Every structure is written in C-alpha cells, then in structure tokens.
Amino acid sequence: MSESNYYLGFDLSTQQLKCLAIDDQLNIVTTVAIEFDKDFPQYKTKNGVFIKDDGVIDAPVAMWLEAVDLCFERMAKSIDLKKLQSMSGSCQQHGTVYWNCDHLPNDVKPSSNLVKQFAGCLSREVAPNWQDHSTKKQCDELTEKVGGPQNLAQITGSGAHYRFSGSQIAKVHQTEPEIYANTKKISMVSSFFASILVGDIVPLEGADACGMNLYDMEEHKFNEELLSVVDKDTESLKKKLSDPPTSCDEPKSLGTVSKYFQEKYGVNANCQVYPFTGDNLATICSLPLQQNDVLISLGTSTTILLITENYHSSPNYHLFNHPTVPHHYMGMICYCNGSLAREKIRDDINGESTTCDWTKFDEALLDDKTESLFNEDQIGLYFPLGEIVPNVNAITKRCHFKYDDCHVELNDVDSFPDNRLDAKNIVESQALSCRVRISPLLSDEASCAQESKVLGSDLNVKFDYDSSPLSSYAKRPNRAFFVGGASKNTAIVRTMANVIGAKHGNYRLETPNSCALGGCYKALWSLLKESNRETASFDRWLNDSFNWERDCEFVCHSDATKWEKYNNKIRALSEIERAAASK
C-alpha cells in the first residue's frame, strides 16, 4: 500500500451515497457506494425517495444517517483512515433538513450509531427532494414579491423553481406550522452532511445557497423581501439558516472530523472537513474548467455548465457562485430534449431497421459534398418533449428560410426532401441554441474578430428574455468538454464543436463519479490553499495537476470557416423559436 495521504470526496445523491478516496497524485485509490433501496430496504423507498400525492417527493433523513455509518465502515476496510487529511463533497441540491436544536449533541458515543443519536434532533423526519413539484403557490409568491421572473433571476440567479429551497421552506411554514415553530436550524443537504462529520450544525455553503431563490448573489446576502415571503420574522429565519453562509472566496475548514469518527472508524484526528456543495457545482470541480470553458453533457437531456465572470441572469437558466474560484459564477442551462430526440430521428432514417445503428445518421452529419444534403436555408426544432429553453410545448417544426433586409421569412414544410437532412438540422439546431445562450455569459475576451458579413449587422435578435445585436454572438469559448452517453459519438461531437466554435480544442471525458471526484479535488486543494496561501487558484491548480493523458481525450479543433457559416442561421433560429412559442 502506498505511503501517500488520502483525501475523501462524498456524493450524497438521490439513490445512493458514494465516496471516493484519492492520493496526493490525484489517483483514485478506492470507491465505496451505498445504494439506498438495496442496503436499507426497511425504509421502503423507491429510487431513494417517497413519492406521495400532490407532487410531494421527499426522502428519510434517518436513512442518510445510516448510510454515512455504513460508508465509513466499508471505507475503513479498504484504506487506512489514519492517513486521511481532509474531506469534502457534494449533495443533491435544494433539499432541506430541519433540526429541533441549535447544536448537535457533544456526547455522541462510538458504541452506538448516528441514527440512534441524531434522529431525535430532527424536527421533520423527511427532506424535500429536488424532484418535488408541490410548491407552485410559494413559487408564485416569491416571483410576485419582487415584480416578476426577470427580477427574481436578477436577484437570485434563477427564476422560481418548485425544487428550490425557499419555496420548500415556505411551504413547510404554511402547511406544517408546528414543525416550523419547533425548528431551530435549517440545513441544506450539503451543510447537513458536513454537520454530521464535524459534529455540530454548520452554516450553509455559499455556492449551494444560490439554489434557494432567497440569496442575493451580487450583494452576497439574503434578500429581505424574499425572506419575508417565507417568514415575516426575517431575523428569526436568518437565525434558522445560520446566516451568513460560508464564503467561497477562500477555503476555510469547518473543523476537524468529530471524535465519533475518530474513535469508531480510526479517522485521523487532524482530518479537516471543508464545506460541501451542490452536485452540479461539484461537477465543475471535477474537471479542469477555467473561465470561458464550457462543459456539454449529452445525456437523455442536455446540460451546459460554464465558468464565467459575467453576472448575466435569465429566468431560463441558472447562475450560482463558483464554489472555489472567487468572483466567478457557474452558469447552468438545462434542455429537456437531448439524446431521445436524436434517437427518434436516427430511427426514422433507419426505416424498418431496429438495430439502433447510427451509421446513416453519422454519415449525413459529416457529409459536406452531397448536394441533396445541403441545408444552408433550413432550420428545425425537434422537441418531442416540452422544452425548458426555449420555454415551449412539445413540437416538431421544419422550415426553409430566407432573409429580406431586417425580415426573416419562414416557410413551414412537413418534411425536408431527404429525411437524412433531419440528422443535420437537429444536431445543428441543438448546438446553435447552446451557442447563442452561452454568448452573454462569455467574457469580452471570447469575442472573435473574424465576424462574417452576416454578423456585421447591428440588428437585434431576441432569445428568451435577451434582445442583443447580432454581432454579440461572435463569441467563442476557449475549450469545450463533452461528457455523457452521446459524447462517444464522434460525428455528433464534431458537428457541435463546429457550431459552438471553441478556440482551443474540443475534448471528451469519462466522468462516472464526477460529483464525488470534485469533492476529492476540493478537499485536497482546500487543505493546500489554507496551509499555503501561495497555492495557485483552484482552476489553475487543477488544470496543472490534471492527468490529461489518462483522463481526457482530445477530439478535434473547431473549424472556424464552418463556425462562421452557422452565423447565418442565428436569426432564423430566433424566428422559428418565436413562432413555436406562439402556438
């Protein structure tokens, strides 16, 4: 066994608790996974949650306590916990845990377990899960309080969402007043986990707190108007929330791991616990992402994450404080329609074949020579599911377009002359939507001097809540990282790469345990930075320490000529989205 020190990263997700240990060279040395339904059948959860009437979905907090014990029990059989130097991690975002005490018991006995000694500290046995959608009334109240969705997004980084903690806490106050009155402290799931490790209730983490619809991101404090929707006694509510949240500007240990873990599992008494964050926030900590880099997750849905210093909010996407890089934000854009929409086109092209073969689809994507596959005057929307961005109902819409001065003329068609054109148009339209929506979040240094004649115009083009000159879309991210199932399809990645136009290359990553791994990296870097302030910033440190050859595959450079060609479709995309929204 190596003499290296170890650093733990946890990921408490909906269905499992996962823990990774890395060494000083960032190698993963062991992995432990606790599956809630399988390991704790007594709770009778389904995929880790209880699903009730009226859209209520929550999870038993006691099950999480049992999972922590089991995780350490298994980890202690795999590595020497005396070599642990620090811990951090992530948890499912937006969930809330309700305590009936200001402090956790300080006489926790290693001869017992966590659930027996901490379950009595809960004023509410369950925590709302991010899938919960029972808070429309409270979301409307938050939105109305500040004058509409744009104002709410400007303050908190997001529009109102059912799963966000502010509306969930407000619902508990309104529908369970006795429980709320008996609640002394409220944790998010991330600060709950850190509290268990430290042995006392710790403040919310400053990046995860942005997922509440209560936190003023530019002012770095809770917004009094929004707090008053949850509880008119805002000072009492802030006390419950252990205001203020921890700062993301500099890493600071929450304390050493509690004696319970030292004595029961042999954890190093000097092991530091650093703030946990949300799962998406931990994902960006698992990758060498720097300012103006973009992560594109190509799963059943499509998710875009990027690092930015621009605070440009919209109700259609999310901004969070970056968990490790001061004065920067994580932008997150979520699309419902991803792989399933592309697979439908693949099946249509394959006809009666049921092989799920991508050959014809891919050949069409990469074909620049066959005249029947030229699609310069075509645009399409392929939304078998109602879409979030743009916010429209399920629709499939195909158009030929042409420009007449300031006007875009769309001519609807039931189908294109060759059904293989749908392969090109679906991937290009998905990528172009990503491109125009990340553009306001990219800094000025991402602007491209090679503006085409089309982009020379100052015509305003509207997407969602933004109306900007066409020339503002001449921005290119530095690097693009592709993850998720469809990232294995090189034809799709190459096409999207040419539309989005990253300046310094496109990469493919395998990230099966990204949230826990981000916690590992955060734990190691935080310890280094707190002990030596000369340590590089997190993004620079990880970029330099990352094992590029082992963990990342270079796919291609973006073709600048093709990137310019797609400029011609920006106005058409705006117009077809507007037409779809009016249906």
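Each residue is numbered by its place in its chain's sequence as written, counting from 1. In view of the model being predicted, local features appear only for residues whose pLDDT reaches at least 70, and side-chain atom pairs are presented and counted only at 80 or more, with totals across whole chains, interfaces and linings using the full set of residues. To get the side-chain values, all heavy atoms of the structure are used, and hydrogens and water are removed first.

## Regarding the pattern of salt bridges
Note on definitions: salt bridges are taken to be side-chain nitrogens of Lys or Arg within 4 Å of carboxyl oxygens of Asp or Glu. Per the counting criterion, the structure on display carries 22 salt bridges. For Glu-510, the salt bridge identified is with Lys-488, shortest N-O distance 3.8 Å. Placement of Glu-510 in the loop between β25 (506-509) and α17 (514-531) and of Lys-488 in the loop between β24 (480-483) and α16 (490-500) is noted, with a sequence separation of 22 residues between them. Three labels apply to residues, based on accessible area from a 1.4 Å probe with only protein chains included: buried if under 20% of the type maximum, exposed if over 50%, partly exposed otherwise in between. Glu-510 gets classed as exposed once you look at its relative accessible area, which sits at 58%. Take Lys-488: its relative accessible area is 54%, and that puts it in the exposed class. Note that Glu-553 is salt-bridged to Arg-508, the shortest N-O span being 3.0 Å. Numbering of helices and strands runs from the N terminus; a helix is a DSSP stretch of H or I covering at least four residues, while a strand is a stretch of E covering at least two.

## Remarks on helix α21 (residues 570-581)
One less than the residue count of a helix, multiplied by 1.5 Å, gives the span that helix is expected to have. With 12 residues, α21 should cover 16 Å at 1.5 Å per step; its first-to-last C-alpha distance of 17 Å lies within 8% of that length. Within α21, 9 of the 12 residues are buried, leaving the element largely enclosed by the surrounding structure. Those residues of α21 not exposed but buried are Ile-570, Arg-571, Ala-572, Leu-573, Ser-574, Ile-576, Glu-577, Ala-579 and Ala-580. Check the buried side of α21 and you find it contacts β19 (378-383), β20 (395-404), β21 (407-413), α15 (421-438), β22 (460-463) and α20 (560-567). Any two residues having at least one pair of non-hydrogen atoms within 4.5 Å are treated as being in contact.

## Points about the domain arrangement of the protein
Domains assigned within the protein are domain 1 (6-284), domain 2 (285-336 + 483-493 + 506-556) and domain 3 (339-473 + 557-582). One C-alpha centre belongs to domain 1, the other to domain 2; they are set 22 Å apart. Taken together, the 58 residues of domain 1 in the interface contact 46 residues of domain 2. Summed over both sides, the interface of domain 1 with domain 2 buries roughly 4000 Å², with 62% coming from carbon and sulfur. On the surface where domain 1 and domain 2 come into contact, there are 1 salt bridge. Domain start and stop positions are those given by an automatic or database domain assignment. Buried area: the accessible surface (1.4 Å probe) lost by two parts on joining, summed over both.

## Some details on the packing of α17 against helix α18 (residues 538-545)
Packed helices, taken two at a time, are described by the angle their axes make and the gap between the axes. Simply put, an axis is a line fit to the C-alpha atoms, just over the touching stretch for a helix, and the angle between two N-to-C directions goes from 0 to 180 degrees. Orientation of α17 relative to α18, taken along the N-to-C sense of each, is 115 degrees, at an axis distance of 11 Å. Classified by the angle between their axes, α17 and α18 sit roughly perpendicular to one another. For the pair α17 and α18, the sense of crossing is right-handed. Packed against α17, whose contacting residues are Tyr-521, Lys-522, Leu-524, Trp-525 and Leu-528, the element α18 presents Phe-538, Trp-541 and Leu-542 at the interface. For the contact of α17 with α18, the residue count by class is 7 nonpolar, no polar and 1 charged. An angle below 35 degrees is treated as roughly parallel, one above 145 as roughly antiparallel, one from 65 to 115 as roughly perpendicular, and anything else as oblique. By the definition used in this description, the sense in which the near helix is turned from the far one sets the handedness, with an anticlockwise turn below a right angle giving left-handed and a clockwise turn giving right-handed. For this scheme, ten residues count as nonpolar: Ala, Val, Leu, Ile, Met, Phe, Trp, Tyr, Cys and Pro. Four count as charged, namely Asp, Glu, Lys and Arg, and the remainder, Gly too, count as polar.

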